[in-house]
Amino acid sequence: MTTLENAAAVLKLFSQQRMMHGQSGISFSDVVNQLALPKSTASRLLQTMEIQGMLERDADSKLYKIGRLLLSVSSHYLSTPLVDSVAANMVQLSQQTHCTGYVSVLEAQEIMVMRMFPGRHFLQVVTPAGSRSPVAETSVGRAILARDSDEQVIARFTAGYRAASPNAPQTLEALLNKLAQIRRQGWSLARNETLQGISSLATAVTNKHRNETVGLCLSFPTQAEEQPYSPGVLEALMTVSRQLAEKLGDDYWQQIK
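In every chain, residue numbers begin from 1 and rise along the written sequence. In keeping with the predicted nature of the model, local features appear solely for residues at pLDDT of at least 70, side-chain atom pairs appear and are counted solely at 80 or more, and the whole-chain, interface and lining totals rest on all residues. Just so you know, side-chain values use all the structure's heavy atoms and leave hydrogens and water out.

Enquirer: Please give an account of helix H10 (residues 231–248) that cites residues and values.
Expert: The secondary structure listing takes helices from DSSP runs of H or I that are at least 4 residues long and strands from runs of E that are at least 2 residues long, numbered from the N terminus. Residue count minus one, scaled by 1.5 Å, sets the expected span of a helix. Taking 1.5 Å of rise per residue, the 18 residues of H10 would be expected to cover 26 Å, and the 26 Å separating its terminal C-alpha atoms lies within 8% of that figure. Type-normalised accessible area, obtained with a 1.4 Å probe on protein chains alone, sets the label of each residue: buried when under 20%, exposed when over 50%, and partly exposed for intermediate values. Along H10, the residues that are buried comprise Val233, Leu234, Ala236, Leu237, Met238, Val240, Ser241, Leu244, Ala245 and Leu248. Gly249 lies just past H10 and shows a positive phi near 75°.

Enquirer: Please set out unusual backbone geometry residue by residue, giving values where relevant.
Expert: Here the phi dihedral of Ala108 falls at roughly 60°; this positive angle occurs in a residue that is not glycine. One non-glycine residue with positive phi stands out, namely Asn192, at about 55°. When you line up the elements, Asn192 lands in the loop between strand S6 (188–191) and strand S7 (198–207). For Asn192, a relative accessible area of 14% puts it in the buried group.

Enquirer: Give a detailed account of the pattern of salt bridges, specifying residues and quantitative values.
Expert: The term salt bridge refers to a pairing of a side-chain nitrogen on Lys or Arg with a carboxyl oxygen on Asp or Glu at a separation within 4 Å. Counted under the stated rule, the structure contains nine salt bridges. A salt bridge links Arg156 to Asp148, with the nearest nitrogen and oxygen atoms 3.6 Å apart. Classification of Asp148 by relative accessible area gives buried; the value is 19%. Through salt bridges with shared partners, a single ionic network connects Glu107, Glu110 and Arg132.

Enquirer: Go over helix H6 (residues 87–97), please, and point to the residues and values.
Expert: Among all positions of H6, only Ala87, Asn89, Met90, Leu93, Ser94 and Thr97 are buried. Viewed along the axis of H6, the buried residues span an arc of 150°, placing them on a single side of the element. Seen from the buried face of H6, the exposed residues on the opposite side, beyond 90 degrees, are Gln92, Gln95 and Gln96. Tucked into the core, H6 has its buried residues touching helix H5 (82–85), strand S3 (100–107), strand S4 (110–117), strand S8 (212–221) and H10. What the arc describes is the spread of directions from the helix axis to the C-beta atoms. In this analysis, two residues are considered to be in contact whenever any of their non-hydrogen atoms come within 4.5 Å of each other.

Enquirer: So, the packing of H6 against H10: which residues are in play, and what are the values?
Expert: Axis definition: a line fitted to C-alpha atoms, limited for helices to the stretch in contact. Angles are taken between N-to-C directions and run from 0 to 180 degrees. Orientation of H6 relative to H10, taken along the N-to-C sense of each, is 165°, at an axis distance of 10 Å. Classified by the angle their axes make, H6 and H10 are roughly antiparallel. Relative to H10, the crossing made by H6 is right-handed. Contact residues: H6 offers Asn89, Leu93, Gln96 and Thr97, while H10 offers Val233, Ala236, Leu237, Val240 and Leu244. Throughout, the ten residues Ala, Val, Leu, Ile, Met, Phe, Trp, Tyr, Cys and Pro are labelled nonpolar, Asp, Glu, Lys and Arg are labelled charged, and all others, Gly among them, are labelled polar. Across the contact of H6 with H10, the residue classes break down as six nonpolar, three polar and no charged. Between 65 and 115 degrees an angle is taken as roughly perpendicular, under 35 as roughly parallel, over 145 as roughly antiparallel, and anywhere else as oblique. Left-handed describes a crossing whose near helix is turned anticlockwise from the far helix through less than a right angle; right-handed describes the clockwise counterpart.

Enquirer: Quick one: what's the story with the packing of aromatic side chains, residue by residue and with numbers?
Expert: Classification of ring pairs uses Phe, Tyr and Trp, with its six-membered ring standing for Trp, and accepts pairs whose centres are within 6.5 Å; under 30 degrees between planes counts as stacked, over 60 as edge-to-face, and the remaining range as tilted. According to the stated counting rule, one finds three aromatic pairs in the structure shown. Centre to centre, the rings of Phe157 and Tyr161 are 5.2 Å apart; their planes meet at 80°, and the pair counts as edge-to-face. Here the two residues Phe157 and Tyr161 agree in accessibility, since each one is buried. Pairing Tyr252 with Trp253 gives two aromatic rings, centres 5.7 Å apart and planes at 85°, and the pair type is edge-to-face. On the basis of relative accessible area, Trp253 is assigned to the buried category, the value being 5%.

Enquirer: Requested: an account of the environment of Leu69, with residues and values cited.
Expert: One can find Leu69 in helix H4 (residues 68–79). Overall, Leu69 belongs to the partly exposed group, its relative accessible area being 43%. It is 16 Å that separates the C-alpha atoms of Leu69 and Gly25, two residues lying 44 residues apart in sequence. Leave out the neighbours within four places in its chain, and Leu69 touches Gln52, Gly53 and Met54.

Structure, rendered in structure tokens:
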């Protein structure tokens, strides 16, 4: 393995041991034993990582912790508003899938579009930033709602539940059943709901460090009912969602197969 690969393997030990900031670090023997490195190689590697600010060693315990360089970089990333953090990923996703991409947030019983990323598919109607839609009648709204418990969802509709679109869940019970399915699979589909002739796939990711959740959505012309979406589009969306979840500490995605 190269020095860079060994350094990455050392950093992965923190993740594997679910090491939190402020806890005891990893030891020299941890690196030697778990990475099967010669002691001389491990010693040089750890010393280099310490010099470069990737690690810090406690003078008393001799244990290694994440260094200031990595903490500074991660702190800047995690403190960025989530809508801005995911924008670059959505640009690439729209280009890759040719679908129109959206980043949305939940406000009361509505979903609000925060960013729109045009794709190559021609859509007669697009939803610009600032647009609002009923949360239960969009794929992205249901993806975000699925991150809440049934009790929280019911509380959101204490004033009553009504769906204007005939293709959306027509009762609160139907909505809860749909959300249960989304929780299991990690994604949501809408066909001809808010906009006729338009379908969409959506997921949601959370930055637990800022307690923020956003929905990621790809929109495309409605396809045949027997094949309502492209498997490649769904795979691309799921891949990006998992990558973002790993960066943001979104543990929900670890249970999605």
